[in-house]
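These are the residues of each chain, in order.
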Amino acid sequence: DKEKKKKESIFDLSKYIDKMIRVKFQGGREASGVLKGFDPLLNLVLDGTIEYMRDPDDQLKLTEDTRQLGLVVCRGTSVVLICPQDGMEAIPNPFIQQQDG
Amino acid sequence: LVDKCIGSRIHIVMKTDKEIVGTLLGFDDFVNMVLEDVTEFEITPEGRRITKLDQILLNGNNITMLIPGGEGPEV
């Protein structure tokens, strides 16, 4: 039995280096910033970070309650979503289904 | 990046609306952190909580962001 011991990312974050991304955290926080670095555990380094807080007012809309944070490290353990600020980007389907002949 | 902060002020944001500002003494693989001269802030009530001196061990499970040189919501 071959076990894959390599830590393979299913998603290549190096595409986002030096780009603005939006990150959502457990607990409802959101932040945007330029991705400066990351590791296989999904810890991120963002620069020029703006943090958005959710209020009872806020629900799904981003409030004006923002803070400029500059350079921050985001814990991978609490990241739930990462997306480009630009919009979505299509990637090749990594889950290729094999069809029975 | 984090170990460049050892010895300087760091501002830790938790998953909840709580922040901790202190001097970073060290951390481990799980990013549990040891801080000194710590002030604890609660975001919503806009009040400053307890100022704790000595040292604290902060459980890395709840840490969301680490901001070097941050001072927190102190205005």
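Residues numbered from 1 in each chain as written. Chains lettered and ligands numbered in written order. Predicted model: local features only at pLDDT ≥ 70, side-chain atom pairs only at ≥ 80, totals over all residues. Heavy atoms only, no water.

S.K.: Would you take a moment to explain the overall build of chain A for this structure?
M.R.: If you tally the helices and strands in chain A, you get zero helices and five strands. When the helices and strands of chain A are read in sequence order from the N terminus, they spell out β-β-β-β-β. Per-residue burial over chain A gives 35% buried out of 101 residues. Across chain A, the fraction of contacts at a sequence separation of at least 24, relative to all contacts at a separation of at least 6, is 44%. Roughly 7,300 Å² of accessible area belongs to chain A as shown, and the carbon and sulfur atoms make up 51% of that amount. (Helix = DSSP H or I, 4+ residues; strand = E, 2+ residues; numbered from the N terminus. Buried < 20%, exposed > 50% of the residue type's maximum accessible area, 1.4 Å probe, protein only. Contact = heavy atoms within 4.5 Å. Areas by Shrake-Rupley, 256 points an atom, 1.4 Å probe, with all protein chains shown as cover.)

S.K.: Quick question: what am I supposed to make of the overall build of chain B here?
M.R.: Looking only at helices and strands, chain B features zero helices and five strands. Starting at the N terminus and walking to the C terminus, you meet the elements of chain B as β-β-β-β-β. Every one of the 75 residues in chain B was classed for burial, and the buried ones make up 43%. For chain B, contacts bridging at least 24 residues in sequence account for 46% of all contacts bridging at least 6. In the structure as shown, chain B presents an accessible area of about 4,100 Å², 50% of it carried by carbon and sulfur atoms.

S.K.: Just to check I follow, could you spell out unusual backbone geometry for this structure?
M.R.: The phi torsion of most residues other than glycine is negative, and most of the peptide bonds are trans. Residues and elements named next belong to chain A. Residue L42 is not a glycine yet carries a positive backbone phi of 75 degrees. Along the chain, L42 turns up in the loop between strand 2 (30-38) and strand 3 (44-52). Accessibility expressed as a relative area gives 32% for L42, which makes it partly exposed.

S.K.: For this particular structure, what's the right way to read the side chain of B:H11?
M.R.: Here B:H11 shows up in strand 1 (residues 9-14). At a separation of 2.3 Å, a polar atom in the side chain of B:H11 contacts the side chain of B:E19. (Polar contact = N/O pair within 3.5 Å; in protein donor to acceptor, adjacent residues only side chain to side chain.)

S.K.: What's the story with the interface of chain B and chain A in this structure? I'm lost.
M.R.: Quite often, the size of an interface is put as the accessible area lost when its parts meet. Counting residues at the interface gives 21 residues for chain B, matched by 16 residues for chain A. Buried area between chain B and chain A, both sides added, is near 1,500 Å², and the carbon and sulfur share of it is 60%. Linking chain B with chain A are zero salt bridges. Broken down by secondary-structure element, the contributors of at least two residues to the side of chain B that touches chain A are strand 1, strand 2 (18-27) and strand 5 (63-68) of chain B. In the side of chain B that touches chain A, the residues fall into 13 nonpolar, four polar and four charged. (Buried area = accessible area lost by both parts, 1.4 Å probe. Salt bridge = Lys/Arg side-chain N within 4 Å of Asp/Glu carboxyl O. Nonpolar A, V, L, I, M, F, W, Y, C, P; charged D, E, K, R; others polar.)

S.K.: Mind showing me how you'd approach the pattern of salt bridges here?
M.R.: Opposite charge on two side chains makes pairing possible when the charged atoms of those side chains draw close. Residues and elements named next belong to chain A. What the rule picks out here adds up to seven salt bridges over all chains. Residues K24 and E30 are paired through a salt bridge, measuring 3.8 Å at the closest nitrogen-oxygen approach. Looking at E30, the relative accessible area reads 5%, which means it is buried. Residues participating in the shared-partner salt-bridge network are R22, K24 and E30.

S.K.: Would you mind showing me how to read the pairing of strand 2 of chain A here?
M.R.: Along any regular strand, the residues point their side chains to alternate faces of the sheet. All names here are of chain A. Note: strand 1 (residues 20-25) against strand 2, five bridges, orientation antiparallel. Within strand 2, the position partnered with K24 by the bridge is E30. Counting the residues between successive antiparallel strands, the hairpin from strand 1 to strand 2 contains four residues, one of them, G27, with a positive phi of roughly 105 degrees. Looking at chain direction, strand 2 and strand 3 are connected through seven bridges and run antiparallel. By the bridge assignment for strand 3, L35 is matched with L46. The hairpin formed by strand 2 and strand 3 contains five residues between the paired strands, and L42 there has a positive phi angle of roughly 75 degrees. (Pairing = 2+ DSSP bridges.)

S.K.: Can you help me understand the pairing of strand 1 of chain B in this one?
M.R.: All names here are of chain B. Of all six residues in strand 1, five are buried, a share of seventy percent or more. Judged from the five bridges that link them, strand 1 and strand 2 form a sheet pairing that is antiparallel. Opposite V13, over in strand 2, you have E19 as the bridge partner. The hairpin formed by strand 1 and strand 2 contains three residues between the paired strands.

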